[in-house]
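Each chain, written out:
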Amino acid sequence: MAGFMLGCAIGLTLSPILMSQGGIFGPFVIFGLSGFLWVLVWLSATSSTPDQSPQISKYELEYILNRRQKSFSVETAKPKKVKVIPPFRRLLSKLPTWSLIIANAMHSWGFFIVLSWMPIYFSSVYRVDLRHAAWFSAVPWALMAVMGYFAGLWSDMMIQSGTSVTLTRKIMQCIGFVGPGLCLIGLATAKNPAIGSAWLTLAFGLKSFSHSGFLVNLQEIAPRYSGVLHGISNTAGTLAAIIGTVGAGFFVELVGSFPGFLLLTSLLYFLAAIFYCLFATGERVNFDDPAGCYEVRVPRR
């Protein structure tokens, strides 16, 4: 995810330069061609299995194979029937699933509100000419990339030191929601663009902690159905992003206050953090057994 954010920072910094040299279509042509070049790099660097990779070290390969064998022995200890259709009803009947759905929805709500409306907010409230302020768009993304890497490193260190996976995910997610919520309050009360930009940049940075919270939690609670859960939660996130982005315009038109919508988003951040802390888990959830809830997981070393 850090690479995704860093790419946004680089792209937003280069776009004004490319437009000044090649017109409005300059960034589209350059970035499109870069995508084709990256496909060649991707195809040459990927492989179907770890043992087929020319870049993997012997130690890393042995580690992956040993972990796979341990996981396989646990999975096959109790034979299960292969299901073609995922158990959607059971997936949606568990509160840990809803903690992930709500977390993804709130993450997307806040993300696209900031992405879509902050340029207009700064232009209308602070009279900032964003055509000459590429830093405004690039700096928050750059900080998000750095903080996302730090969050991932910190969460791994916590787990290795003995902190439970559940507590680790909840701490990361609280930072990823409560932090931006507080920053939006600061942004709504900021009196000048410099302070407002600082609050916005900090909100982006703290928001990246969610990548070490709910985003990886999907694979922990349901390894077999992580793709399905990801799809369900992403659907909720997309709907929330649409409602939030469109709703912001209606809210400002009816109430006449954009800071008010920032405060509303801040409140939603806090409520989503509370829900996640109450019902999320880092343990594997048994979605195949109607009577089961959590499975015992082998402690990580």
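Residues numbered from 1 in each chain as written. Predicted model: local features only at pLDDT ≥ 70, side-chain atom pairs only at ≥ 80, totals over all residues. Heavy atoms only, no water.

Participant: Help me understand the side chain of Lys-170, please; the structure alone is not making it clear to me.
Facilitator: Note on placement: Lys-170 falls in helix H7 (residues 165–189). No salt bridge is formed by the buried Lys-170; the nearest opposite charge belongs to Glu-283, separated by 10 Å. Within the structure, Lys-170 has its side chain in polar contact with the backbone oxygen of Ala-280 (distance 3.5 Å). Not counting residues within four places of it along the chain, the set of residues in contact with Lys-170 comprises Tyr-276, Cys-277 and Ala-280. (Helix = DSSP H or I, 4+ residues; strand = E, 2+ residues; numbered from the N terminus. Buried < 20%, exposed > 50% of the residue type's maximum accessible area, 1.4 Å probe, protein only. Lys, Arg positive; Asp, Glu negative; His and termini not counted. Salt bridge = Lys/Arg side-chain N within 4 Å of Asp/Glu carboxyl O. Polar contact = N/O pair within 3.5 Å; in protein donor to acceptor, adjacent residues only side chain to side chain. Contact = heavy atoms within 4.5 Å.)

Participant: How should the confidence of the model for the chain be read in this particular structure?
Facilitator: Detailed conclusions should not be drawn from predicted coordinates in areas where pLDDT is low. Confidence along the chain averages 83 in pLDDT terms, with 86% of residues attaining 70 or more. Every residue in residues 295–301 is under pLDDT 50, and counting partners more than four places away or in other chains gives 14 contacts. (pLDDT = per-residue confidence, 0-100.)

Participant: Explain helix H5 (residues 95–125) to me, please; I cannot follow it from the model alone.
Facilitator: An α-helical segment advances 3.6 residues per turn. Residues three or four places apart therefore align on the same side. Of all the bends in H5, the largest measures some 50° and sits at Trp-117, one to four residues before the proline Pro-119. Just beyond H5, the residue with positive phi is Arg-127, at close to 60°. (Bend = angle between axes of the 7 residues up to and from the residue.)

Participant: In this structure, what is going on with the environment of Val-146? I would like to understand it.
Facilitator: By secondary structure assignment, the location of Val-146 is in helix H6 (residues 134–160). Val-146 sits 62 residues away from Ser-208 along the chain, and the two C-alpha atoms are 8.9 Å apart.

Participant: Just checking my understanding: could you explain helix H11 (residues 258–279) for this structure?
Facilitator: An ideal rise of 1.5 Å per residue puts 32 Å on 22 residues; H11 measures up with 32 Å between its terminal C-alpha atoms. Here H11 starts with a cap whose side-chain oxygen sits 3.1 Å from the backbone nitrogen of Gly-260, and that cap is Ser-257. (Expected span 1.5 Å × (residues − 1).)

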